[in-house]
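Analysis of the macromolecular model
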Amino acid sequence: MKSPTTRKTSFGYRFAMIHRMHAALSREGMLALGITAAQFPFLGELFHAQPPVTQETLSRTLCIDPAATARALDQLQKKGLVSREVNPENRRQKLVSATPLAWTMQEKFYKVLSNASEELVIGLSQEEKETTLTLLDRIMANGMTAKYGKKE
């Protein structure tokens, strides 16, 4: 019988802890921008994607439940940070974009996230940082394949 996974060998424990630590280190700066921890992944993805994207695409890309996506986008829309419009090509879809107000805070937004990330990698060499990023990219790709199947 296989022994249960322990903290010593658990990837999940480490991923969850790193996620929570990054959120905790980002929280104060994000709150100063009026953004909660539940909202900042959406704004970050909209900054990255730039063209309007569907709510479904946001949910899938971020691996977040569609209902949670709708709630977060509702709050961001009330704050004037995102706009949602009916997709003229598919009226059942909403296209989501960052607003001009959101774009004015992009630099501060990324600075908050960058500062939190830098705190987590203090003491790592540049080579170790690059290796870690490469490995994390592979792990994320494995997760997306496991969740959504292979890309065609």
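Below is a summary of the structure that appears in this document. These figures come from a predicted structure and were not determined experimentally.

With that settled, consider the sheet that holds strand β3 (residues 90-98). As summarised here, the arrangement of the three strands in space is β1-β3-β2, forming an open sheet in which the pairing is antiparallel. Bordering the open sheet on either side are β1 (53-54) and β2 (82-87), each of which pairs with just one other strand. Two elements, β2 and β3, share six bridges in a ladder whose sense is antiparallel. Looking at β3, one finds that V86 is bridged to K94. In the packing of helix α2 (residues 40-49) onto the sheet, the strands contacted are β1, β2 and β3, and the crossing angle to β3 comes to about 90°.

With that out of the way, let us pick up the packing of α2 against helix α6 (residues 106-120). In the contact formed by α2 and α6, the axes pass within 11 Å of each other and the chain directions differ by 120°. As summarised for this structure, α2 and α6 are arranged oblique, according to the angle between their axes. Pair α2 / α6 crosses with left-handed handedness. Across the interface between the two elements, F40, L43, G44, F47 and H48 from α2 touch Q106, F109, Y110 and L113 from α6.

On to the environment of E45, then. By the secondary structure assignment, E45 is in helix α2. A C-alpha to C-alpha distance of 9.5 Å links E45 and A98, two positions 53 residues apart in sequence. Not counting residues within four places of it along the chain, the set of residues in contact with E45 comprises L58, T61 and L62.

Conventions adopted
- Residues numbered from 1 in each chain as written.
- Predicted model: local features only at pLDDT ≥ 70, side-chain atom pairs only at ≥ 80, totals over all residues.
- Heavy atoms only, no water.
- Pairing = 2+ DSSP bridges.
- Helix = DSSP H or I, 4+ residues; strand = E, 2+ residues; numbered from the N terminus.
- Contact = heavy atoms within 4.5 Å.
- Axes fitted to C-alpha atoms, helices over the stretch in contact; angles between N-to-C directions.
- Parallel < 35°, antiparallel > 145°, perpendicular 65-115°, else oblique.
- Left-handed = near helix turned anticlockwise from the far one by under 90°.

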